[in-house]
Amino acid sequence: MVDLDGWNRVLLDDVHARGQSDQKLYLYVDRDLLSRLSGLSPQEAVEDFCYAIRAAAGRFPFRRAADAADWWMRQGLPGEPSFVAHLAMTVLAVTEQPLGGVHGVYRRQNELLG
């Protein structure tokens, strides 16, 4: 199992590896990427990723990320953000339930996070 900080690190490393220093970085996450980064099957990777977010954040999984983003911005964006895994959860929900779907992204996020 990978904890939230571990997921944050491998996701950041992947974004940096695919990006170029003179271009904006884009975060794209789907179950296949989580599988490749973790060495688990796609389903196991999604379960592990979701568990890491739930375990670190409890009932309010995005509150920690919002607080961290706010602090990071107030401090002048020092270093790397500690909330990339939370952003990745939102991207994962979109890749699982595309925008414009009947129930949208929030329903899929709730399903992923239990």
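Scroll up a little and you will see the structure.
Please read these numbers as outputs of a predicted model, since none were measured by experiment.

**Q** If you had to explain the overall build of the protein chain to someone new, which residues and values would you point to?
**A** Summing up its helical and strand segments, the protein chain has six helices and zero strands in all. Across its three principal axes, the protein chain shows a C-alpha extent of roughly 35 × 30 × 30 Å. Contacts in the protein chain between residues far apart in sequence, at least 24 positions, make up 59% of those at least 6 positions apart. For the protein chain, the exposed area adds up to about 7,100 Å²; of that, 54% sits on carbon and sulfur atoms.

**Q** Hey, could you go over unusual backbone geometry for me, with residue numbers and the actual values?
**A** For Leu77, which is not glycine, the phi torsion reads 60° and is therefore positive. If you trace the backbone, Leu77 turns up in the loop between helix H4 (63–74) and helix H5 (84–96). For Leu77, a relative accessible area of 47% translates into the label partly exposed.

**Q** Tell me about the environment of Phe62, and please be specific about residues and values.
**A** Looking at where Phe62 falls in the secondary structure, it is placed in the loop between helix H3 (42–57) and H4. On the basis of relative accessibility, which here comes to 28%, the residue Phe62 falls in the partly exposed class. Counting along the chain gives 27 residues from Phe62 to Met89, while the straight-line C-alpha distance between them is 9.6 Å. The residues contacting Phe62, other than those within four sequence positions of it, are His86, Met89, Thr90, Gln109 and Leu113.

What counts as what
- Residues numbered from 1 in each chain as written.
- Predicted model: local features only at pLDDT ≥ 70, side-chain atom pairs only at ≥ 80, totals over all residues.
- Heavy atoms only, no water.
- Helix = DSSP H or I, 4+ residues; strand = E, 2+ residues; numbered from the N terminus.
- Contact = heavy atoms within 4.5 Å.
- Areas by Shrake-Rupley, 256 points an atom, 1.4 Å probe, with all protein chains shown as cover.
- Buried < 20%, exposed > 50% of the residue type's maximum accessible area, 1.4 Å probe, protein only.

Worth remembering: the numbers are spatial, not functional.
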